[in-house]
Amino acid sequence: MNHASRPQTETSSTHQKTGRKRTFPVLPLALALALTCLMPPQGFKSIAQPNLKTVPITFLIWPTTVDTRVTSGTFTRSLNQDRRIMVSGLPGETINAQLCCRATKNLSDMRFLASDIGDLVSGKYIRSTDVTFSVGRYLPVDETSKMTADPLISLERYPIPGLVSLPVWVKIPIPSDYPPGTYLGGIEAAAGAQAHYVEVIIKVLGRPEIEPPRQGIDVRFALSPEILATTHAVSPWSEPHLELIEATSRLLFERKIHSLAVPLHLVGPGNEMHQLIRASCPSSWDPKAPSFTLDFSRLDACLSAIEEGGITDSVLLEAVPDQDAVFNYRNQQTNSIEKLSLDPSGVDFDPWMEGIVPALREHLAATGKADLCTLAFPRAPQNEGEDGDSPKVIIRTSSRRDLASRMPEFFLHSPLSLSRRLPWTRIDAKAPLEAGYLNHWPLDIFQQPGGAASPSGSMFIVYPGPLGLLPSMRLETLSQGLEDARAIRFLRDEIDRQRKNGSADNTLRLAAIRKKLEKIVASVSSSSYPVVPIDAARRAINTLIREIQAL
């Protein structure tokens, strides 16, 4: 694809816009020894400081946890509140943090900037331009009759409404090769001549010689290419459509999600099978006809866009028929589109399977996609099982309801801790976590999030935006849960490594650390409702990582 001609998406533009960020020197040692709530980090002196005795404060900003949903009426700021973001993470982890901003009047030019975040001992620093900011947009939610923030919008300057508390999402990536240490910096929120400061303290954990796992668990979202095109008002399989597929894959890859499902629906508003695989026969459907043909060019374009975005581990192609499912094909004799019934228990189903599955399997092998794709096609219940010729082709009964039942949805009105908790519940599972649809049932999500018997927001994890795709707060907290799972795996691996190489005295201490770890994991994963403070649980795990490194 021609990347040079592609428009920037909302997601990718945050990495391109450097005008809203500045590079500042690492904080001096004096500041590191005397961090206070009210002292702004060095490097922000370029913005005039108001005389607070004579200039009224027009806005305030303060930190809150990523598990917290900021409501429009939230106001928990006090003059004595600690204005510091204090977090820990492993090399390669993306730190998520959340600020709350509230103005006394409408502001049109709120801007957020970061300093470099550096470690004075190693001289390493996280560049200010790598720190990204997004403001949450509120949506109406029927279930609560309240406005709820979820889509995250990245701009250089934000219009901030008066007397409304807005969530500001901050992402700080820790480079994978950075050594342990305490990295110090700051965040500035400014409007006009006024500015407020939030200090950032990041403790990087881990040993340089021990590489943390690439991901904690395998998560798989379902992407409907047809609905993606409809939602964004682009022609299916046009260049803009392929751009959106690639951008979706990249958005997931950046959040350490390496698998994707493409449900090949055969009925309903998103009939992807008709879009991805076009068939023709000399007359009526007959897979043994000499000139029977299948056109996989659109499927190839879809898979290529997914791979270019970064998803290279696994793509599940799953046919999902209901009892009234049909497969369209062109009758070459009459040059018309005919329909083939696809009831898994009907007489037309086996000939369809005999025509589609072997041809698709051979095509994926010929194009080098056999190691990427798993095929899942429905069968009558008495014939369930795996195709003996290829373990990559799974034969199973599937329907829309079956597919939905395997996908634990997290709704727009649900606590953010619910989506963060999902990876904790699957930390020991071998099967991937199928987390739901990225976008489903196209409608005006910003006016009416509900639709098609789905609770508000359940069908959108990635939102349509004027410049491309908008990530959601639910996706970001799910990503943070994946980082948590990665830290848990890292700690388990380190315990096992030291147990093999350590002394008898260490064995007892390692057993005690392992017991504490599993108790923390169980407290989060086994709770029936996400009432356990997951942010506190992650801090406890980070404490155990520091403890084991001291052995």
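Residues numbered from 1 in each chain as written. Predicted model: local features only at pLDDT ≥ 70, side-chain atom pairs only at ≥ 80, totals over all residues. Heavy atoms only, no water.

### As for the overall build of the chain
Threshold: In this description a helix means any DSSP run of H or I spanning at least four residues, a strand means any run of E spanning at least two, and both kinds are numbered starting from the N terminus. Burial classification: accessible surface area is computed with a 1.4 Å probe over protein chains only, and a residue below 20% of its type maximum counts as buried, one above 50% as exposed, and the rest as partly exposed. Here the open area of atoms and residues is found with the Shrake-Rupley method and a 1.4 Å probe, where only the protein chains shown may cover a residue.
Looking only at helices and strands, the chain features twelve helices and 25 strands. Put simply, the chain has 551 residues, and 54% of those count as buried. Here the chain has roughly 22,800 Å² of accessible surface; of this, 54% comes from carbon and sulfur atoms.

### What about helix 7 (residues 349-366)?
Here is the rule we go by: To estimate how far a helix should extend, the number of its residues minus one is multiplied by 1.5 Å.
Between its first and last C-alpha atoms helix 7 spans 26 Å; for 18 residues at 1.5 Å apiece the expected length is 26 Å, and the two agree. If you check which residues of helix 7 are buried, you get F349, W352, M353, G355, I356, V357, L360, H363 and L364. Looking one or two residues past helix 7, G368 carries a phi angle of roughly 75°, positive in sign.

### Examining the confidence of the model for the chain
Just so we agree on the cut-off: Confidence of the predictor at the level of single residues is captured by pLDDT, which takes values from 0 to 100. Contact definition: two residues touch when any of their heavy atoms are within 4.5 Å.
Chain-level pLDDT for the chain is 79 on average; 78% of the residues reach the 70-or-more range. Per-residue pLDDT stays below 50 along residues 1-53; that stretch engages in 123 contacts with residues further than four places along the chain or on separate chains. Between residues 380-391, whose pLDDT stays under 50, and residues either more than four places distant or in other chains, the model counts 15 contacts.

### Let's talk about the environment of L478
With respect to the helices and strands, L478 occurs in helix 10 (residues 473-501). The sequence separation of L478 and I257 amounts to 221 residues, and the corresponding C-alpha distance is 9.8 Å. Setting aside anything within four residues of it in sequence, one finds L478 in contact with V219, F221, I257, F410, S419, R420, L422, P423, L433 and A435.

### Considerations on the side chain of S259
Applied cut-off: Any pair of nitrogen or oxygen atoms within 3.5 Å is treated as a polar contact; in protein, a donor-acceptor pairing is required on top of that, and neighbouring residues in sequence qualify only through side-chain atoms on both sides.
In this fold, S259 is placed in strand 14 (residues 259-265). Within the structure, S259 has its side chain in polar contact with the side chain of D218 (distance 2.8 Å).

### Things to note about the packing of helix 9 (residues 416-425) against helix 12 (residues 534-549)
The cut-off we apply is this: Geometry is summarised by axes, namely lines fitted to C-alpha atoms with helices restricted to the contacting stretch, and by angles between N-to-C directions that run from 0 to 180 degrees. Roughly parallel refers to an angle under 35 degrees, roughly antiparallel to one over 145, roughly perpendicular to one between 65 and 115, and oblique to any angle outside these ranges. Only Asp, Glu, Lys and Arg are considered charged in this grouping, and only Ala, Val, Leu, Ile, Met, Phe, Trp, Tyr, Cys and Pro are considered nonpolar; every other residue, Gly among them, is considered polar.
Running from N to C, helix 9 and helix 12 point in directions that differ by 40°, and their axes come no closer than 10 Å. Judged on the interaxial angle alone, helix 12 and helix 9 are oblique. Each of S417, R420, R421 and W424 in helix 9 lies in contact with helix 12, whose residues at this interface are I534, D535, A537, R538 and I541. Of the residues contributing to the contact of helix 9 with helix 12, the split by class is four nonpolar, one polar and four charged.

### Overview of the sheet that holds strand 15 (residues 278-281)
We apply this condition: We treat two strands as partners when DSSP finds at least two bridges between them.
Here we have four strands laid out as an open sheet, ordered 16-15-18-19, and mixed in their pairing. The sheet terminates laterally at strand 16 (293-295) and strand 19 (336-341), the two strands that pair on one side only. Adjacent strand axes in the sheet meet at a mean angle of 35°, parallel and antiparallel pairs treated alike. On top of the sheet, helix 7 reaches strand 16, strand 18 (326-331) and strand 19; it is set at about 55° to strand 16, its chief contact.

### Here we look at the packing of aromatic side chains
The description of an aromatic ring pair rests on the distance of the ring centres and on the angle between the ring planes. Which entries qualify depends on this criterion: Ring geometry is summarised as follows: Phe, Tyr and Trp rings, the Trp one being its six-membered ring, pair when their centres sit within 6.5 Å, and such pairs are stacked at plane angles under 30 degrees, edge-to-face over 60 and tilted between the two.
This structure, assessed with the given rule, holds eight aromatic pairs. A centroid spacing of 4.9 Å and a plane angle of 85° characterise the contact between W285 and F292, whose relative ring orientation is edge-to-face. Residue W285 is classed as buried on the basis of its relative accessible area of 11%. With relative accessibility at 16%, the residue F292 sits in the buried group. Each member of the aromatic cluster is reached from another via a ring pair, and the members are W285, F292, F327, Y329 and W352.

### A closer look at the layout of surface pockets
Unoccupied space between atoms shows up once a probe the size of one water molecule is rolled over them. The condition is simple: Grid spacing is 1 Å over the protein atoms alone, the probe is 1.4 Å, and a cavity is where that probe fits but cannot get out, while a pocket is an open set with protein on both sides within 12 Å along at least five of seven lines and lining residues have an atom within 4 Å of a point. Grid points are joined across faces, edges and corners, and a volume is the space filled by probe spheres set on the points.
The calculated volume of the largest pocket comes to roughly 490 Å³. Forming the walls of the largest pocket are 24 residues, and the residues nearest its centre are M86, V87, S88, D535 and R539. Put simply, the parts of the chain that give the lining of the largest pocket at least two residues each are strand 1 (59-64), strand 2 (84-89), strand 3 (94-103), strand 12 (194-204) and helix 12. Take the lining of the largest pocket: its biggest share by element is six residues, from helix 12. Partitioning the lining of the largest pocket into residue classes produces eight nonpolar, eight polar and eight charged.

### Comments concerning the environment of E318
Here E318 shows up in strand 17 (residues 314-320). Between the alpha carbons of E318 and F377 there is a distance of 5.8 Å; along the sequence they are 59 residues apart.

### Thoughts on the pairing of strand 12
In terms of residue burial, strand 12 counts as a mostly covered element, since ten of its eleven residues are buried. Pairing of strand 2 with strand 12 involves six bridges; the strand directions are parallel. Paired with R84 across the two strands is E199, which belongs to strand 12. Alignment of strand 11 (residues 181-191) against strand 12, held across eleven bridges, turns out to be antiparallel. Directly across from L184, in strand 12, lies its bridge partner I201. Where strand 11 hands over to strand 12, the hairpin turn is made up of two residues, of which G192 adopts a positive phi near 65°.

### Thoughts on the sheet that holds strand 10 (residues 165-173)
Reading across from one edge, 1-3-10-7-8 is the order of the five strands in this open sheet, with antiparallel pairing throughout. Of all strands in the sheet, those with a lone pairing partner are strand 1 and strand 8 (146-153), marking the two edges. For this sheet the average axis-to-axis angle between neighbouring strands, irrespective of direction, equals 30°. By the bridge criterion, six bridges tie strand 7 (residues 132-141) to strand 8 in an arrangement that is antiparallel. For V135, the partnering residue across the bridge sits in strand 8 and is I153. Relative to the sheet, helix 10 contacts strand 3, strand 8 and strand 10, its axis offset from that of strand 3 by approximately 145°.

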